[in-house]
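# Results of the structural survey
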Amino acid sequence: MASPEHTSSQPVVSSSAVAGGARSTSPSEQAQGTGIEPSASATVSASARGTKRRLTSSVWDEFIKDDVKHQAQCMYCKKWLSAGSKGGTTHLKTCDAKCAPVGLKQQKLKLTENVDGSVNFGNNDGVFDAALARKELALMICVHEYPLSIVEHALFRKFCKTLQPLFKMVCRNTIGKDILEMHAAQKELMVRFAYVPCPHNGEVICQALYECLVDWHLEGKVSTITLDNCTSNDKAVEELTDKLNTTSVMLNGKYLHMRCCAHVLNLIVKDGMNVLEKGIGRVRDSVAYWSATPKRHERFEKMAKTLNIAYSRRLNLDCKTRWNSTYIMLDIALQYIPIFEKLNKREKLFAKENCCPTDEDWNFARELCDRLKVFFDITVLFSGTKYVTANLFFPKISAIRLSIRKWYTSDDPLIKKMSEEMKTKFEKYWKDVHGLMAVATVLDPRYKLHMLQALFGSLYGYEYANREVERIRNLMVDLFEEYRPVEDGGCASNHGSTAASTVGTDEALQIFSAYMSSQLVVSASRVQTELDLYLEEPNIPMTTELDIIGWWKFGGIKYPTLQRMAHDILPISVTTVASESAFSTSGRVLSAHRGSLAPNMAEALMCIQAWSRANMLGDCNSSLYDDFQYVLADEEEPMDEDVSILTEE
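So, a few notes on the structure that sits alongside this text. (Residues numbered from 1 in each chain as written. Predicted model: local features only at pLDDT ≥ 70, side-chain atom pairs only at ≥ 80, totals over all residues. Heavy atoms only, no water.)

### What about the side chain of Q164?
- Residue placement: Q164 occurs in the loop between α5 (154-163) and α6 (172-186).
- A polar side-chain atom of Q164 sits 3.1 Å from the main-chain amide nitrogen of L166. (Helix = DSSP H or I, 4+ residues; strand = E, 2+ residues; numbered from the N terminus. Polar contact = N/O pair within 3.5 Å; in protein donor to acceptor, adjacent residues only side chain to side chain.)

### A few points about the nonpolar core
- F375, W430, W552 and I569 are the most contacted members of the largest nonpolar core, which totals 96 residues.
- C160, A604, L605 and I608 belong to the second largest nonpolar core, which has 23 residues in total. (Core = buried A, V, L, I, M, F, W, Y, C linked by side-chain atoms within 4.5 Å. Buried < 20%, exposed > 50% of the residue type's maximum accessible area, 1.4 Å probe, protein only.)

### Some details on the sheet that holds strand β2 (residues 71-74)
- What the three strands build is an open sheet, ordered β1-β2-β3; its pairing is antiparallel. The outermost strands of the open sheet, each flanked by one partner alone, are β1 (63-66) and β3 (80-82). If you compare each strand with its neighbour and ignore which way they point, the axes differ by 30° on average.
- Alignment of β1 against β2, held across four bridges, turns out to be antiparallel. Its bridge partner lying in β2, D66 is registered against Q71.
- Strands β1, β2 and β3 of the sheet are contacted by helix α3 (residues 90-99), whose axis makes an angle of about 150° with β3. (Pairing = 2+ DSSP bridges. Axes fitted to C-alpha atoms, helices over the stretch in contact; angles between N-to-C directions. Contact = heavy atoms within 4.5 Å.)

### Digging into the packing of helix α15 (residues 359-382) against helix α17 (residues 413-430)
- At their nearest, the axes of α15 and α17 sit 11 Å apart, and the two run at 20° to each other. If you check the angle between α15 and α17, you find them roughly parallel. The crossing of α15 and α17 is right-handed. Contacts between α15 and α17 involve F364, E367, L368, R371 and F375 from the former and L414, I415, M418 and M422 from the latter. (Parallel < 35°, antiparallel > 145°, perpendicular 65-115°, else oblique. Left-handed = near helix turned anticlockwise from the far one by under 90°.)

### Description of the pairing of β2
- Here β1 folds back onto β2 in antiparallel fashion, the turn holding four residues, of which H70 has a positive phi close to 55°.
- Bridge count between β2 and β3: three bridges; the pairing is antiparallel. Paired with Q71 across the bridge in β3 is S82.
- Connecting β2 to the next strand, β3, in antiparallel fashion are five residues, including K78 with a positive phi near 65°.

### Here's the deal with the pattern of salt bridges
- A complete count under the given rule lists 18 salt bridges for this structure.
- For E367, the salt bridge is made with R371, and the minimal N-O distance between the two is 3.2 Å. Pair noted here: E367 and R371 are both in helix α15, with a separation of four residues, about one helical turn.
- By relative accessible area, E367 is classed as partly exposed at 23%.
- Taking the shortest distance from any N to any O, the salt bridge between K373 and D377 comes out at 2.7 Å. Here D377 and K373 lie together in helix α15, a separation of four residues that amounts to about one turn. (Salt bridge = Lys/Arg side-chain N within 4 Å of Asp/Glu carboxyl O.)

Have a look at this one:
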């Protein structure tokens, strides 16, 4: 109810939206909208006021004025402030700035800087961290390959100042130091990207690789080293075998060298492509003609629209020394055959060049593209980094060999000749399957020995298959003996995850251990029995969704020795394509804008970029850190990150 001294009918002072943003509904508006009379203390009789000067300031829209008391009540905090004619409106604006919302369900942020440089938001929704902002800026420069001088560009500085006025932009030298510090911190988790001085012969490569392994305390934890088919790499592996402790590597280093599958595939296809250069010459010339200038490409794209053909993939001229680019060129060109034929009729200059493919050329290109697709898909599969590829090696390579045998029956003499060349190269490298890759196939619970028996039998006959399967089985027995814990009578294995517990120092236990070692070992040993159980157990159903690492982690608990073997063998990389992709960025990293980078800065930029794209950047709280610490768990020597033992120019 209204108070007795304010019972007359009063006009209501309503609030309105302030220019520049939608304001929340004022209390007086809410009262009117619901039919409830506003408080009488907030309204005053017009007759009591008399004739007053018009209130021109917009701040009055946020207050309810009482001319009798000469006060005004804030619509948001409900405080009463003086509103005399000589009091001014500064104090009212101050109250309005603190209380009035910016928009619907929003409030103005109050920024307060802490002693440590971080900035708190008044609504406690977040904290601005200058150190974190600098770290993200350094990461942006590495990932997107921006020049270090971007931090000194005037408009970039202005842009950052607009986003956060409290962020203090650093200079080029400072951001460079931040990048080096990020790289040094992550080197606790990652293997380095090292500079190798010339000449790149076997001795130099071996020395650089060995020093890197020693620097990271990994010289006793190496299973295999994947390298391409270069003579200097073969020599490097031979010398590295002599440097490493043979008791710490698998089977005394017999299977240390793993040849890069992608490079071998490349050699096979290149030998076959040498025969086919003439058959695809017209297709290559046509693609080169229409992709030579922007004007020609514009006419080609316009013709695609005229013929109502979706131009989703741009014409791409191949590099003659890269067969995968030839496959991509043919795959794209085959989608636009009607466009080439139509332009051959309309464009006199193109017709004069006499390079438009004939129907025979297109048929040959289509047949060749179908064959190259097999190699292309398998190369992409082997180049994966987020899934295991060792168990896929033997089935996919056998699929290539089966395809080459089918191509030999082709009626086209060029295709038949290509098949002969590919077969010769294939037999040179893969007649004898890399032993550990065959073991990886057996460790796949979907395949086991049945995959080897079936594919070897189909390719070379079942007599040869029986010999090969027996060879692989004997190899697995040898690996069992090496991975078996010491207390079970096996050899002490120092590599991988096979750190075995040793017999205690108690003299009685030592005597008992010596006695047991002198006893004859029966044929049905634990190791042999474990292998038999695994091989005799039915294969799990074929499915592409199998997580083989997860299966061995949980399903392989009943095979502890096999589980340790799978831990070391399945992660073996069958190709170096993933690591070599880092080298392909050197032309961009060492561009005209970055021509004076020091070797350590170039290494930091390339490493951080690669780690970020692979989602491998972490901290001491990440699972990645725990994984690496597990690998290095038995190493007590601290790593000296300040000294590089590799020579730098």
